[in-house]
Amino acid sequence: MSSLSIIIPVLNEESYLNTNRKQLVSLLEDGHEILVVDGGSQDESMHSADALGCKVFSTRASRGHQLHQGAKHSNNDILLFLHADTLLPPDAVQVIAQVLAKSQAHWGRFNVRFTNPRWMFRVIAWFMNKRSCLSGIVTGDHALFIKREFYFSCGGFMDIPIMEDVEFCRRLKKNASPVCLSEEVVTSSRRWEHSGILKTVITMWALRLLFFFGRSPEKLARLYK
């Protein structure tokens with residue numbers, strides 16, 4: 001079975017690195033590579049990642065830049081981009097290996113489920129998963145995986161302050177459609193709980209719409225902040 005290079009961009013994610021410690025250690029013990037790329041954390045993120053046995057890199061805070069730096073330092077043939085607050089399904093490695101063993105499959109993603117079990121969060125996840133499959137756009141919550149050679153042949157993540165995943169997927173799907181897995185990653189619902197469901201939905205859709213019509217990522221980042 002192919003080993004993965006799992007790339008985790010972090011910025012003050014000490015608590016989630018510790019919370020998800022069991023899965024991360026298990027992946028390392030199974031021979032997979034975990035590259036934690038820190039964007040200038042003020043907490044003990046780098047120390048926590050190093051203590052787990054991850055490869056740790058320090059760079060500036062730009063998720064696209066962090067993701068690409070992780071990819072550049074990776075050693076395995078399959079890359080998995082994972083958020084620190086997201087847990088993989090137990091059979092993730094086997095499923096990814098089986099899917100990407102097919103010659104026509106080059107990249108894909110998981111379905112997403114939120115930690116908050118309320119019905120509204122299940123509805124949001126359903127729409128996110130359906131939209132992703134229909135559009136071919138994979139956002140960070142979905143844990144994008146990709147053949148390393150294909151990643152670099154398509155140029156990788158750009159160093160832009162926001163929408164790096166949407167921009168990259170636009171280029172990827174010109175070459176190959178993503179494989180949309182039904183297996184679920186479990187991701188934190190903290191952003192929705194902190195900002196409010198309606199506000200978060202409106203904000204994210206507005207940003208994507210403006211990006212679609214050509215608004216620069218720099219201007220979108222200022223709006224988002």
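One structure accompanies this document, and this report is about it. (Residues numbered from 1 in each chain as written. Predicted model: local features only at pLDDT ≥ 70, side-chain atom pairs only at ≥ 80, totals over all residues. Heavy atoms only, no water.)

What to know about the overall build of the chain
A tally of helices and strands in the chain yields 11 helices and eight strands. Summarising its shape, the C-alpha atoms of the chain cover approximately 40 × 40 × 35 Å along the three principal directions. Going through the 225 residues of the chain one by one, you find that 51% of them count as buried. By sequence separation, contacts in the chain at least 24 residues apart represent 75% of the contacts at least 6 residues apart. Accessible surface for the chain amounts to roughly 11,300 Å². Of this, 54% is attributable to carbon and sulfur atoms. Where the 27 positive side-chain charges of the chain centre and where its 22 negative ones centre are 10 Å apart. (Helix = DSSP H or I, 4+ residues; strand = E, 2+ residues; numbered from the N terminus. Buried < 20%, exposed > 50% of the residue type's maximum accessible area, 1.4 Å probe, protein only. Contact = heavy atoms within 4.5 Å. Areas by Shrake-Rupley, 256 points an atom, 1.4 Å probe, with all protein chains shown as cover. Lys, Arg positive; Asp, Glu negative; His and termini not counted. Charge placed at Lys NZ, Arg CZ, Asp CG, Glu CD.)

Structural notes on the packing of aromatic side chains
The way to describe two aromatic rings as a pair is by their centre distance and the angle between their planes. Per the stated rule, a full pass over the model turns up 11 aromatic pairs. Geometrically, the ring pair formed by Y151 and F152 is edge-to-face, given 4.9 Å between the ring centres and 85° between the ring planes. Aromatic side chains F157 and F168 sit 4.7 Å apart centroid to centroid with 50° between the ring planes, which places their arrangement in the tilted category. Residue F157 is found in the loop between helix 7 (148–153) and helix 8 (164–172), and its partner F168 is found in helix 8; the two are separated by 11 residues along the sequence. Considered together, F157 and F168 belong to a single accessibility category, that of buried residues. Put simply, the rings of F81, Y151, F152, F157 and F168 pair up and form one aromatic cluster. (Phe/Tyr/Trp six-rings, centres within 6.5 Å; stacked < 30°, edge-to-face > 60°.)

A word on unusual backbone geometry
The residue N12 is not glycine, and still its phi comes out positive at about 60°. One can find N12 in the loop between strand 1 (4–10) and helix 1 (14–19). Using a relative accessible area of 36% as the deciding quantity, one classes N12 as partly exposed. For A143, which is not glycine, the phi dihedral falls at a positive 60°. With respect to the element layout, A143 can be found in the loop between helix 6 (119–135) and strand 7 (145–147).

Structural notes on the sheet that holds strand 7
The strand order across the open sheet formed by eight strands is 3-2-1-4-7-6-8-5, and the pairing between neighbours is mixed. Looking along the sheet, the strands with just one partner apiece sit at the ends: strand 3 (55–58) and strand 5 (86–87). Relative to strand 8 (residues 179–187), strand 6 (residues 107–114) is paired through six bridges, and the arrangement is parallel. Bridge pairing links R109 to C180 in strand 8. (Pairing = 2+ DSSP bridges.)

Quick word on the nonpolar core
I8, L88 and F110 are the most contacted members of the largest nonpolar core, which has 36 residues in total. With six residues, helix 5 (residues 92–100) is the single largest residue contributor to this core. Ranked by size, the runner-up nonpolar core spans 28 residues in total, among them L35, L67, W107 and I162. (Core = buried A, V, L, I, M, F, W, Y, C linked by side-chain atoms within 4.5 Å.)

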